[in-house]
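Fold and geometry: a report
Read off the chains here:
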Amino acid sequence: MDQRCAVILAAGEGRRMRTEGAKAMCQVLFRPMLGWVLDNCTGAGINQICVVVGKSAQEVYGILPQGVTTAVQDRRLGTGHAVRCAREFLENRRDADILVTLGDSPFLFPAVIQKAYDLHKAQDNAVTVVSSRVEDPTGYGRILRQGGQVAAIVEDRDGDDATRAIKEINAGTYWFKGGLLLAALDRLIPANDQGELYLTDTLEILRKMGYRVGACDAGDSRIALGANTRRELHTLNEIAREMVFDRLYDGGVDIPVTDGVMISAEADIAPGVRILPGTLIRGRCQIGADCVVGPNSVLEDAVLGEGCVVRSSYITRSVLGRGVTVGPFSQIRPDCQIADGVKIGDFVEVKNSRVGEKTAIAHLTYVGDTDCGAGVNFGCGVVTVNYNGVTKNRTTIGDGAFIGCNTNLVAPVTVGQGAYTAAGSTVTVDLPPDSLCIARSRETIKPGAALKYRRQKGKE
Ligand code: UD1
Ligand code: CA
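Residues numbered from 1 in each chain as written. Chains lettered and ligands numbered in written order. Predicted model: local features only at pLDDT ≥ 70, side-chain atom pairs only at ≥ 80, totals over all residues. Heavy atoms only, no water.

1. Comments concerning the nonpolar core
Within soluble globular proteins, side chains that are nonpolar tend to cluster in buried spots. Judged by nonpolar contacts, the single largest core of 99 residues is most densely connected at V51, I263, I269, L304 and I338. Looking at this core element by element, the count peaks at 8 residues for helix α9 (residues 230–250). Residue contributions to this core reach at least three from each of two domains, namely domain 1 (4–224) and domain 2 (253–437). When residues no more than four places from it in sequence are discounted, the contact partners of L304 are Q286, I287, G288, C291, V293, L299, V310, L320 and G321. V7, A86, L188 and L203 belong to the second largest nonpolar core, which has 37 residues in total. (Core = buried A, V, L, I, M, F, W, Y, C linked by side-chain atoms within 4.5 Å. Buried < 20%, exposed > 50% of the residue type's maximum accessible area, 1.4 Å probe, protein only. Helix = DSSP H or I, 4+ residues; strand = E, 2+ residues; numbered from the N terminus. Domains from an automatic or database assignment. Contact = heavy atoms within 4.5 Å.)

2. Some remarks on the coordination of the calcium ion (ligand 2)
Listed as protein donors to the calcium ion (ligand 2) are D104 (OD) and N228 (OD1); their distances from the metal cover 2.2 to 2.3 Å. Here the residue D104 occupies a position in the loop between β6 (97–102) and α5 (110–123), and N228 occupies one in the loop between β11 (213–217) and α9, the gap between them amounting to 124 residues. D104 sits in the buried class, given a relative accessible area of 12%. (Donors = N, O, S within 2.8 Å, 3.2 Å for Na, K, Ca; no water.)

3. Focus: the sheet that holds strand β32 (residues 395–397)
Spatially, β13-β16-β19-β22-β25-β27-β29-β32-β35 is the arrangement adopted by the 9 strands of the open sheet, whose pairing is parallel. Taken across any chain shown, the strands that pair with only one partner, and hence form the sheet edges, are β13 (268–269) and β35 (413–415). The sheet contact formed by strand β19 (residues 303–304) and strand β22 (residues 319–320) spans 2 bridges and is parallel. Among the inter-strand pairings, L304 is bridged to a residue of β22, identified as L320. (Pairing = 2+ DSSP bridges.)

4. Digging into the side chain of N125
Mapped onto the elements, N125 comes out in the loop between α5 and β7 (127–133). Using a relative accessible area of 0% as the deciding quantity, one classes N125 as buried. Polar side-chain contacts of N125 include one of 3.0 Å to the side chain of T128. Among the polar contacts made by the side chain of N125, one reaches the side chain of R212 at a distance of 3.4 Å. Apart from the residues lying within four places of it in its own chain, the contact partners of N125 are L119, H120, K177, R212, V213 and G214. (Polar contact = N/O pair within 3.5 Å; in protein donor to acceptor, adjacent residues only side chain to side chain.)

5. Describing the domain arrangement of the protein chain
Its domain assignment divides the protein chain into domain 1 (4–224) and domain 2 (253–437). Each of domain 1 and domain 2 has a C-alpha centre, and the two are 47 Å apart. Of the residues lining the interface, 4 residues belong to domain 1; the matching set on domain 2 comes to 8 residues. Interface of domain 1 and domain 2: buried area, both sides summed, is about 550 Å²; carbon and sulfur atoms make up 72% of it. Its largest share of buried area at the contact with domain 2, domain 1 owes to L29, F30 and R31, together 87% of the area lost on that side. Applying the counting rule to domain 1 against domain 2 returns 0 salt bridges. Scanning the region where domain 1 abuts domain 2 turns up 0 residue pairs in polar contact (both at pLDDT 80 or more). In the side of domain 1 that touches domain 2, the residues fall into 3 nonpolar, no polar and 1 charged. (Buried area = accessible area lost by both parts, 1.4 Å probe. Salt bridge = Lys/Arg side-chain N within 4 Å of Asp/Glu carboxyl O. Nonpolar A, V, L, I, M, F, W, Y, C, P; charged D, E, K, R; others polar.)

Structural data, given as structure tokens:
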């Protein structure tokens, strides 16, 4: 059995955040903080995880990977009480090493978890807390030392001036010996300003029981930061943003100006990609070499082959081949597969469609629920009429077809390979390959009629 397990505390309601839901669901770079924390645990090789959830449990369940167990804390009675709520999980793991970490502290990365674990084992501690020296320790628990050894943790609100002057803070992440954690939890009492059971008191308790208590310095002071308020959440977003930029710069990505640029930590971006201002890259995007994304574009769970150009456009949950150009001012909605060399110009919307190689959809066009071949040319203002008010229907367009300007293709309908539609046609029947469809009334021309009209009205 794996001897390393984790308890993540996420029952807090975020009153200071003024959110209705769980605080741990507040987002850093488009991702709930709890999502970061779960990744940090699994990234450190810890697979037995128990998340302590509170009132907003349903919201939290939605992001938990399979195999993660939960414990419920009905009332918010403190971090120590929250860990007690995971007692059943802990009882079965008395011999294990237990990581306790917080749902509102996203940057306790696997390397720090591992470093603290190594120290924990090397010193044979009952508990090892991750600590950090920060410029402004306001709001954090302080590490109190006696003769250099960790003696206790005192909360900001419970400390005197001397304690508050200490800059070594508690990051809120600890390694415990399972059995001793349970023993210490039994001895907790609410002897503090908030009348809560503080997990932090377990350090002093274990020390007084005669066990070794240690601290592992996280190094980078940003690592320890958590967010209780919107302002702190903003700080975490800024830090995360910089961390992602640093990684991308090292990977050869060009972000000449970072104004308005937000990129999720999960994004996979190849060297030589250029990202311009006002661009959001959310979720699990993959961007191939030499793409240019932006300005003012939003990609979400999008895959772009090499050399694509996206200007002032939105792409959601879709896959683009190589050398595809999009925009300005276009939208590719979910479930599109756009093949190599396709040109999508301005004011085009594509949804749930496949578009074949080198097809051009240059202006003012809606392509929805369509299977389109290669080398097709869409004139300006084409509409695939996919919805009849009751059902959605598909349009099929063969290779090399030419769809004239302002054509309506009323689905379900098929345009055969190499077929043409005349400008302004409304097509309701299938077109054979290589046919020409003209579906519009012939012009009636009345010579001199306009002049006659003006004269009648006394305009000439
Ligand atoms: C806590 C620590 C503090 C540390 C800081 C690091 C305590 C008493 N204090 O303070 O020493 O410096 O984190 O960020 O532990 N939670 C529950 N149930 C509860 C209370 C809290 O699940 O009853 C969860 C919250 O959802 C949150 C986490 O535990 O994710 C921490 O709680 P919070 O109230 O934010 O503690 P801090 O005041 O930040
Ligand atoms: Ca906190």
